[in-house]
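Inside the fold
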2 protein chains.
Amino acid sequence: MEGNDDSDIIEHHVEEDMEKKEPRSHAASSSFLDSVAPSDRDAHSGTQSSHRLLAYSDALISIIATVMILPVAHTKMEDTEELRESVQLLLTTKIAVYLMTFLIVTVAWAAHIRLFQVIVRIDDCLALLNLACMMLITFLPYTFSLMATFPENVLGILLFCGCVMVIGVIQSLIVVYAFSRPFLLNQQIQISENRTFYKHHILKVIMRVPLMCFIASVFSFIFFQLSYALLAIVIFLPYISQFLKWCRDKIIGPVEESPDSVLFYTYLPNEPLSKDRVEAFSDGVYAIVATLLILDICEDNVPDPSVVQKQFGGSLTAALQVYGPEYLAYFGSFVTVGLLWFVHHSLFLHVTKATRFMGLLNTFSLAFVGGLPLAYQLTHEFPQNSHNELEAIQISCVIIFFASIFQLAIWVVALYSEQESLHPYVRYGGQEHVFMLAKLSLYPCVALGTFFLTCILSKFSAPIFHLMEITVPFAFLVLRLLVRVVLALLRLIFCPDRPVLRSIIEQEDEEVRGTLNALLS
Amino acid sequence: MEGNDDSDIIEHHVEEDMEKKEPRSHAASSSFLDSVAPSDRDAHSGTQSSHRLLAYSDALISIIATVMILPVAHTKMEDTEELRESVQLLLTTKIAVYLMTFLIVTVAWAAHIRLFQVIVRIDDCLALLNLACMMLITFLPYTFSLMATFPENVLGILLFCGCVMVIGVIQSLIVVYAFSRPFLLNQQIQISENRTFYKHHILKVIMRVPLMCFIASVFSFIFFQLSYALLAIVIFLPYISQFLKWCRDKIIGPVEESPDSVLFYTYLPNEPLSKDRVEAFSDGVYAIVATLLILDICEDNVPDPSVVQKQFGGSLTAALQVYGPEYLAYFGSFVTVGLLWFVHHSLFLHVTKATRFMGLLNTFSLAFVGGLPLAYQLTHEFPQNSHNELEAIQISCVIIFFASIFQLAIWVVALYSEQESLHPYVRYGGQEHVFMLAKLSLYPCVALGTFFLTCILSKFSAPIFHLMEITVPFAFLVLRLLVRVVLALLRLIFCPDRPVLRSIIEQEDEEVRGTLNALLS
């Protein structure tokens, strides 16, 4: 069963890819379409693989998801005021706006994924409709921040609802258009007999959101608190409907699903989520976040020649030393984000199927990653040994901890259904299992360790933090070796009469030495 | 020959993809490795497809390439001063910095592509080395802008050279490491007998750049003008070496290439460039540029509640009307960038093989695309019918023209070697040829038309420009129909005795009507 599954995925992928290279070759695979009206077959020639359209959409959405971190990052901290107060001020407004925007945009993104799991090929018309949809999605963060800044004003609600409604209408148009040209659809639905049923089911799910937004915008004139409640329901709709279903199942007993039903638009936590798109979206977020600080540095930290002449006696080195903390923050955050990406990359190499629930955990992880540059900037901004510095360092540790613990959670979820979602050699007892676990738990452990160390040795918090920044990349480099050594030690302690293990360590050691020699020569 | 080529590419791709899904399956394809030392085979288990690493690198590099447009975009224009002056001021400094940075980063990106066309699989160590390399590349724009702001200061040159040297050293490390584990290499080099020759050739090419930077940094202490000349040579090295080769061939006659030589690291304009990576990089740039204005809007254009209360009597609508031009600029630039992406997407669907020269033209096109949001912002910022507005509109037209004409140039270059680089059905006389040409020439024609119209009817320049913004998306939607009508008209004029054509139009017409009906029902 499981071997079958695997080869299916590969075959499907290979087919998709060949189509990407040769947009025409799909004609062979859809020979049943010969029975369709000739005008349909003719229009067929304009279809393309949706691969690149989705990659571009993912890039756009990942930028938009992280955009609201900019107002947070650009809030100037004054040395005189206490960090605690300013952070509390931020927490209540800008950070909340950032997190909510992130959630809203990822909900829109999840809907987009679901839509394009049904529609697997596109033509020019769909591409243009999708671009229009993207434009409205990129406008969502702005309408939401208007809503958050002016909670009692109707305009914010109206703009937000308007955007969501237009997005819903465009998506319905896309569905209707695609079902009128069945060769654009998923193979499974294309050959299904009750295609009309699917069409209506999908339209019903899509139109639910704009409908509720319409009601919310009507209520905004009468009793605007109610519209906020409605909008909250819209955003958490998948989870609410999921919860209701669970309750119903508990009370009445599980309802049998019709065997023909496809796992689309179900809101079940094990509904498949395109792994490629989760990767592309995550890559986008990691890339934006990693470069967030250098964007500011390039724009703001090139000193003015006249200022250098006046204030620093023409010494550029002295002028640049003022920006020292910014450079440090940049390097620290780039390295941390880069390594978190590296762990994410290793994780998704071993995951064969992503589900909605894993996507949700990934979203949480990414939301914390987005806050990292800000935390690092704070860390390097305050005078040494101040109370502010200690708190900034501890906040950084907490953010790193949560960003990495959610990655670990994805792994745990994948282990729960390891038959379906993991490669055989990383399952329990698999060859790579321990190594993967070590990779995933390195950052949570280090962050937790640093946090408690700074609590105890609060005087040395900055050196401890810097030491952590420097050692972690090297720890990743020699992790494979470390894991083997630890495993060998463990086995040596518990079953000391196995000399085979020593040879493994030596062999690995030799290999490393060989590589070092190759690098040095 | 050509059919052979095609299937080769597909096979290769398919194989790569299967490996992506199942990192282990490559073991079968490299059975000759069984003769290699067992420690090598053991380490084998840690290898992965490089696909996602490269996608992440592309995302990072595309952000960095466009970052220097931010200082240009954030230069505040004062209504009182003449646009001509301020634009000239910009042209001399910030725009030059932006264009040069774009060029420098794309040169680094091209080197990165070339490197990872040789190394097709990665392991953890290579992934981490690559991240280190990325961090230094992201720092390049800043060192360059320091160099541009303080041209007579040694520090800028030293920092820039230092970055380039470290990048060169890391890339050499990557090459040495990869050649010490041959299963990471390109199949072609992996099975080649003179692998050592390739290694030395590649190292020689890579080390040339850091070496010249080292000389430049030494000269910066003695005679800094010379170091600029040396750095210019470094950036234009590929084109210079290409030109020298061409001269030598003209004088001595062409040198016969050894039949075994692979088309890597040759600097020939027809050296293949990974099409996937050109697409990924372009997607990144288009996505950043499309969202550039909304980033600013989200950050700056949420009015302060107290200001709204004081200045606008609590009317949020009135407060937001002040930002009207910003919204218009955002929609205009998003639509234009989105449609240029759409044209690029259609173009690369039909291109089967990208070359260095096409990559260069693509770079030029993208550099102009980067300036679009700025131009649109200017267009909507000035009072109606002012001289400034007219100039801003004309500058926008010029930028659109150049961005789209370079796309057309890619198509023309692809047509020159159509046997190798185009799908059969878009070659001369191919089914889709005219349609593709129409798509590519729509924007240059419209931009040129708008430019001359605004010259003649300078009073109506703003309405003409707005009309252009609105009609172009619809023109793209009905382009297929338009092309058929024009073709039919042309044939009707030149050979009026062919009634078959009328039926084509009618058929197409019917199809469109059918779709409209489906959408309306």
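Residues numbered from 1 in each chain as written. Chains lettered and ligands numbered in written order. Predicted model: local features only at pLDDT ≥ 70, side-chain atom pairs only at ≥ 80, totals over all residues. Heavy atoms only, no water.

1. Re the overall build of chain A
A count of helices and strands for chain A gives 22 helices and four strands. Counting only residues that meet the buried cut, chain A has 54% of its 521 residues in that class. Carbon together with sulfur atoms contributes 66% to the accessible area of chain A, which is approximately 22,600 Å² in total. (Helix = DSSP H or I, 4+ residues; strand = E, 2+ residues; numbered from the N terminus. Buried < 20%, exposed > 50% of the residue type's maximum accessible area, 1.4 Å probe, protein only. Areas by Shrake-Rupley, 256 points an atom, 1.4 Å probe, with all protein chains shown as cover.)

2. Focus: the pattern of salt bridges
Across all of its chains, the model carries ten salt bridges over all chains by this definition. Note that Glu279(A) is salt-bridged to Lys275(A), the shortest N-O span being 3.7 Å. Residue Glu279(A) and its partner Lys275(A) are located together in helix α12 (residues 275-300), separated by four residues, close to a single helical turn. Lys275(A) carries the same exposure label as Glu279(A), and that label is buried. Arg181(B) is the salt-bridge partner of Asp123(B), the closest N and O atoms lying 3.7 Å from each other. Residue Asp123(B) is located in the loop between β2 (121-122) and α7 (124-149), and its partner Arg181(B) is located in the loop between α8 (154-180) and α9 (187-190); the two are separated by 58 residues in the primary sequence. (Salt bridge = Lys/Arg side-chain N within 4 Å of Asp/Glu carboxyl O.)

3. As for a nonpolar patch on the surface
A surface patch of nonpolar side chains, about 870 Å² in accessible area, is lined by Leu158(B), Leu211(B), Phe214(B), Ile215(B), Val218(B), Phe221(B), Ile222(B), Phe223(B) and Leu226(B). No other element matches helix α10 (residues 195-222) of chain B, which puts six residues into the nonpolar patch. (Patch = residues over 30% accessible without salt bridge, like charges linked within 9 Å, V, L, I, M, F, W, Y side chains within 5 Å.)

4. A short note on the packing of helix α16 (residues 356-381) of chain A against helix α20 (residues 461-477) of chain A
All names here are of chain A. Running from amino to carboxyl end, α16 crosses α20 at an angle of 135°, the nearest separation of the two axes being 11 Å. When the axis of α16 is compared with that of α20, the two are oblique. Of the two elements, α16 crosses α20, and the hand of that crossing is left-handed. Of the residues in α20, those touching α16 at Tyr376, Thr379 and His380 are Phe465, His466 and Glu469. Looking at the contact of α16 with α20 residue by residue, the classes come out as two nonpolar, three polar and one charged. (Axes fitted to C-alpha atoms, helices over the stretch in contact; angles between N-to-C directions. Parallel < 35°, antiparallel > 145°, perpendicular 65-115°, else oblique. Left-handed = near helix turned anticlockwise from the far one by under 90°. Contact = heavy atoms within 4.5 Å. Nonpolar A, V, L, I, M, F, W, Y, C, P; charged D, E, K, R; others polar.)

5. Notes on the packing of aromatic side chains
For the structure shown, the criterion picks out 40 aromatic pairs over all chains. With a centroid separation of 5.4 Å and 45° between ring planes, the pair formed by Phe139(A) and Phe331(B) is classed as tilted. Placement of Phe139(A) in helix α7 (residues 124-149) and of Phe331(B) in helix α15 (residues 324-350) is noted, with the two residues assigned to different chains. The interplanar angle of 50° and the centroid separation of 5.2 Å between the aromatic rings of Tyr330(A) and Phe331(A) together place this pair among those described as tilted. The rings of Phe139(A), Tyr142(A), Tyr327(B), Tyr330(B), Phe331(B) and Phe334(B) are connected pair by pair, giving a single aromatic cluster. (Phe/Tyr/Trp six-rings, centres within 6.5 Å; stacked < 30°, edge-to-face > 60°.)

6. Regarding the domain arrangement of chain A
Residues and elements named next belong to chain A. Under the domain assignment used here, chain A contains domain 1 (48-75 + 83-263) and domain 2 (275-303 + 318-497). Put simply, the middle of domain 1 and the middle of domain 2, counted by C-alpha atoms, are 30 Å apart. Listed by partner, the interface residues are 27 residues for domain 1 and 26 residues for domain 2. For the pair domain 1 and domain 2, the two sides together bury roughly 2,300 Å², of which 68% comes from carbon and sulfur. The shortest N-O distance in the salt bridge between Arg277 and Asp58 comes to 2.8 Å. Run the count over domain 1 and domain 2 and you get three residue pairs in polar contact (both at pLDDT 80 or more). For the side of domain 1 that touches domain 2, the secondary-structure elements that each account for two or more residues are α4 (51-66), α5 (69-73), α6 (83-118) and α11 (224-252). With twelve residues, the single largest contributor to the side of domain 1 that touches domain 2 is α6. Here the side of domain 1 that touches domain 2 is built from residues that sort into 18 nonpolar, six polar and three charged. (Domains from an automatic or database assignment. Buried area = accessible area lost by both parts, 1.4 Å probe. Polar contact = N/O pair within 3.5 Å; in protein donor to acceptor, adjacent residues only side chain to side chain.)

7. Let's talk about the confidence of the model for chain A
All names here are of chain A. On average, chain A scores 78 in pLDDT, and the residues at 70 or more come to 79%. For residues 1-44, every residue scores under 50 in pLDDT, and the model assigns this stretch 64 contacts once sequence neighbours within four places are set aside. Here the complex is predicted with pTM 0.83, and the ipTM for its interfaces comes to 0.82. (pLDDT = per-residue confidence, 0-100.)

8. Description of the packing of helix α19 (residues 433-456) of chain B against helix α21 (residues 479-494) of chain B
Residues and elements named next belong to chain B. Where α19 meets α21, the axes come as close as 10 Å, and the angle between the chain directions of the two elements is 115°. Overall, the two elements α19 and α21 adopt an arrangement that is roughly perpendicular. The handedness of the crossing between α19 and α21 is right-handed. Residues Val434, Phe435, Ala438, Lys439 and Leu442 of α19 form the contact with α21, whose participating residues are Leu479, Arg480, Val483 and Leu487.

9. Digging into helix α19 (residues 433-456) of chain A
Between its first and last C-alpha, α19(A) extends 34 Å over 24 residues, near the 34 Å set by a 1.5 Å rise per residue. Where α19(A) bends most, at Ser441(A), the angle is about 40°, and the proline Pro444(A) comes one to four residues later. Looking at α19(A), one finds that the buried residues are His433(A), Phe435(A), Met436(A), Ala438(A), Lys439(A), Leu440(A), Leu442(A), Tyr443(A), Pro444(A), Ala447(A), Thr450(A) and Thr454(A). In this fold, the buried residues of α19(A) make contact with α15 (324-350), α17 (387-416), α20 and α21 (479-494) of chain A together with α7 of chain B. (Expected span 1.5 Å × (residues − 1). Bend = angle between axes of the 7 residues up to and from the residue.)

10. Comments concerning the environment of Ile393(B)
Residue and element names in this part refer to chain B. Looking at the secondary structure, you find Ile393 in helix α17 (residues 387-416). Considered as a pair, Ile393 and Leu54 are 339 residues apart in the sequence and their alpha carbons are 38 Å apart. What Ile393 contacts, discounting residues up to four positions off in sequence, is Thr379, Thr454, Ser461, Ala462 and Phe465.

11. Structural notes on the environment of His423(B)
Residues and elements named next belong to chain B. Looking at the secondary structure, you find His423 in the loop between α18 (418-421) and α19. Judged by its relative accessible area of 2%, His423 is buried. Residues His423 and Lys353, 70 residues apart in the sequence, show an inter-C-alpha distance of 9.7 Å.

12. Brief notes about the side chain of Thr454(B)
Residue and element names in this part refer to chain B. Take Thr454: it is sitting in helix α19. Using a relative accessible area of 0% as the deciding quantity, one classes Thr454 as buried. Polar contacts involving the side chain of Thr454 include one to the main-chain carbonyl oxygen of Phe451, which spans 2.6 Å. In this structure Thr454 touches Leu390, Ile393, Gln394 and Ser461, once residues within four positions along its chain are discounted.

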